[in-house]
Amino acid sequence: MNYTKDNDKLYRYLFKDRAVRGEWVRLNSTFTETLNTHEYPKAVQNLLGEMLVATSLLTATMKFNGTITVQIQGDGPLKLAVVNGNDNQQLRALARVQAEIAGNATLAEMIGNGVLVISIIPTEGERYQGVIALDKPTIRECLEDYFERSEQLKTHLIIRNGEYDGKAVAGGMLLQIMPDGTGSRDDFEHLATLTETVKDEELFGLEAEELLYRLYHEEQVEVYPPQDTEFKCGCSRERSGSALLLVPADEIEEMLAEKQGVIDMQCECCGTQYFFDKAAIEGFKEEAEKLSKLGLN
């Protein structure tokens with residue numbers, strides 16, 4: 001892929017005389033690394049790309065330290081699609097497919113009857129969860145409706161994915177009227193109309209300043225320093241070992257016998273494999289007991 005300094009970057013910007021804020025994000029390696037360990041149907045890949053973009057943009061609108069999870073649950077052939085992100089723009093994604101899905105399947109065809117759940121878990125403060133009905137054709141429209149109804153904030157989203165120089169890429173833009181009530185709906189609609197003119201090759205190939213100039217060259221736009229995005233799973237041998245301790249001891253013994261004395265656990269998100277023999281499992285158990293006695297778990 002042709003390199004630009006704005007691959008895997010998120011920019012925030014402000015229209016100085018319009019009381020409207022914006023964001024732009026492009027996910028290159030962040031997206032492809034999510035797909036590398038799975039053979040998802042094309043429609044599922046596209047949906048995960050859209051969800052990664054949405055999660056990145058949502059995280060940037062919410063000024064907090066912590067994590068956000070955007071999750072789709074339904075009764076269709078796609079049982080689950082989930083993206084997790086944090087305030088450092090570290091993202092990961094996972095899908096569970098339980099039946100065949102056509103490459104051009106729509107959101108409704110994949111999900112059936114389902115909901116979109118947004119969970120926000122700040123490092124400090126109360127957690128929040130919002131449930132959004134998937135009653136519109138696209139994730140974009142469902143989120144726009146959610147912001148206007150629940151947050152009373154006029155929001156416009158662009159979410160696209162495709163290929164650039166032969167590699168998967170996902171990108172998007174968000175416009176939102178300022179929450180202080182000073183914004184004009186007419187100003188917002190004017191800027192949303194300009195934003196809709198963005199072409200895929202611009203969204204996926206231009207650097208941020210050139211893209212914003214092409215779209216808004218008659219506006220006063222203040223652009224803030226970018227934030228890097230990256231794929232980051234967060235799995236570890238310790239977490240996998242702790243998960244094993246939740247399995248009853250007799251089942252652990254059966255698993256060890258079936259697998260020639262070594263249990264193999266693979267992370268669903270990144271594909272990393274962790275191997276545990278009986279001695280390793282006993283070590284985790286002893287460590288957990290020590291922590292329990294100290295009141296640390």
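Residues numbered from 1 in each chain as written. Predicted model: local features only at pLDDT ≥ 70, side-chain atom pairs only at ≥ 80, totals over all residues. Heavy atoms only, no water.

Side note on the overall build of the protein
Here is step 1 of the chain: Scanning the protein for helices and strands turns up 10 helices and 14 strands.
Here is step 2 of the chain: Taken across its 297 residues, the protein has 46% of its residues classed as buried.
Here is step 3 of the chain: In the protein, of all internal contacts separated by at least 6 residues, the share reaching a separation of at least 24 is 62%.
Here is step 4 of the chain: Summing over all exposed atoms, the protein offers an accessible surface of approximately 15300 Å²; the carbon and sulfur share of this is 47%.
Here is step 5 of the chain: Here the protein contributes 30 positive and 50 negative side-chain charges, whose respective centroids are spaced 2 Å apart. (Helix = DSSP H or I, 4+ residues; strand = E, 2+ residues; numbered from the N terminus. Buried < 20%, exposed > 50% of the residue type's maximum accessible area, 1.4 Å probe, protein only. Contact = heavy atoms within 4.5 Å. Areas by Shrake-Rupley, 256 points an atom, 1.4 Å probe, with all protein chains shown as cover. Lys, Arg positive; Asp, Glu negative; His and termini not counted. Charge placed at Lys NZ, Arg CZ, Asp CG, Glu CD.)

What about empty space enclosed by the protein?
Here is step 1 of the chain: Enumeration according to the criterion identifies 1 cavity of 30 Å³ or more in this entry.
Here is step 2 of the chain: Computed from the structure, the largest cavity encloses a volume of approximately 30 Å³.
Here is step 3 of the chain: In terms of residue count, helix H2 (residues 42-61) provides more of the lining of the largest cavity than any other element does, 3 residues in total. (1 Å grid on protein atoms, 1.4 Å probe; cavity = no way out; pocket = protein on both sides within 12 Å on 5 of 7 lines; lining within 4 Å. Points joined across faces, edges and corners; volume = space filled by probe spheres on them.)

Quick notes on the environment of Phe231
Here is step 1 of the chain: Checked against the element boundaries, Phe231 lands in strand E12 (residues 230-231).
Here is step 2 of the chain: Taking relative accessible area as the criterion, Phe231 reaches 15% and is therefore assigned buried.
Here is step 3 of the chain: Other than its neighbours up to four places away in sequence, Phe231 contacts Thr30, Glu33, Thr34, Leu91, Arg92, Cys269 and Cys270.

Regarding the pattern of salt bridges
Here is step 1 of the chain: A complete count under the given rule lists 14 salt bridges for this structure.
Here is step 2 of the chain: A salt bridge links Glu148 to Arg185; its shortest N-O distance comes to 3.4 Å. With Glu148 in helix H4 (residues 139-151) and Arg185 in helix H5 (residues 185-195), the pair connects residues that are 37 residues apart, well separated along the chain.
Here is step 3 of the chain: Classification of Glu148 by relative accessible area gives partly exposed; the value is 32%.
Here is step 4 of the chain: Between Glu210 and Arg214 there is a salt bridge whose closest N-O contact spans 3.0 Å. In this pair, Glu210 and Arg214 both sit in helix H7 (residues 208-216), 4 residues apart, roughly one turn of the helix.
Here is step 5 of the chain: With a relative accessible area of 43%, Arg214 lands in the partly exposed category.
Here is step 6 of the chain: A cluster of three or more residues bridged by salt bridges with shared partners is formed by Glu148, Lys154, Arg185 and Glu189. (Salt bridge = Lys/Arg side-chain N within 4 Å of Asp/Glu carboxyl O.)

Points about the domain arrangement of the protein
Here is step 1 of the chain: Parsing the protein into structural domains produces domain 1 (9-231) and domain 2 (237-294).
Here is step 2 of the chain: Computed over C-alpha atoms, the centres of domain 1 and domain 2 are 37 Å apart.
Here is step 3 of the chain: With 7 residues of domain 1 at the interface, the matching set in domain 2 holds 4 residues.
Here is step 4 of the chain: Contact between domain 1 and domain 2 buries roughly 520 Å² in total, counting both sides, with carbon and sulfur atoms accounting for 54%.
Here is step 5 of the chain: For the interface between domain 1 and domain 2, the tally reads 0 salt bridges.
Here is step 6 of the chain: At the surface where domain 1 touches domain 2, the tally comes to 0 residue pairs in polar contact (both at pLDDT 80 or more).
Here is step 7 of the chain: Examining the composition of the side of domain 1 that touches domain 2, we find that 4 residues originate from one element, strand E5 (residues 90-97), more than from any other.
Here is step 8 of the chain: Each residue belonging to the side of domain 1 that touches domain 2 can be placed in one class, and the counts come to 3 nonpolar, 2 polar and 2 charged. (Domains from an automatic or database assignment. Buried area = accessible area lost by both parts, 1.4 Å probe. Polar contact = N/O pair within 3.5 Å; in protein donor to acceptor, adjacent residues only side chain to side chain. Nonpolar A, V, L, I, M, F, W, Y, C, P; charged D, E, K, R; others polar.)

A few points about the sheet that holds strand E6 (residues 114-122)
Here is step 1 of the chain: On the basis of which strands lie adjacent, the open sheet formed by 6 strands has the order E7-E6-E3-E4-E5-E12 and mixed pairing. Since the sheet does not close on itself, it has two edges, and those belong to strand E7 (128-133) and E12, each with one partner.
Here is step 2 of the chain: Pairing analysis gives 6 bridges linking E6 to E7, with the strands arranged antiparallel. Across the sheet, residue Ser119 finds its bridge partner in E7, namely Gln129.
Here is step 3 of the chain: Against the sheet, H4 contacts strand E3 (66-74), E6 and E7, and its axis sits at roughly 125° relative to E7. (Pairing = 2+ DSSP bridges. Axes fitted to C-alpha atoms, helices over the stretch in contact; angles between N-to-C directions.)

Some words on unusual backbone geometry
Here is step 1 of the chain: Although it is not a glycine, Ala19 sits at a positive phi angle of roughly 55°.
Here is step 2 of the chain: Mapped onto the elements, Ala19 comes out in the loop between strand E1 (9-15) and strand E2 (20-27).
Here is step 3 of the chain: Of note, the phi angle at Gln260 is positive, near 55°, even though the residue is not glycine.
Here is step 4 of the chain: Looking at where Gln260 falls in the secondary structure, it is placed in the loop between helix H9 (249-258) and strand E13 (262-266).
Here is step 5 of the chain: The exposed category is assigned to Gln260, whose relative accessible area is 69%.

Some details on the pairing of E6
Here is step 1 of the chain: In this structure, E3 lies alongside E6, joined through 9 bridges in antiparallel fashion. Its bridge partner being in E6, Ile68 is matched across the sheet by Ile120.
Here is step 2 of the chain: The loop that links E6 with its antiparallel partner E7 comprises 5 residues; one of these, Gly125, has a positive phi angle of about 105°.

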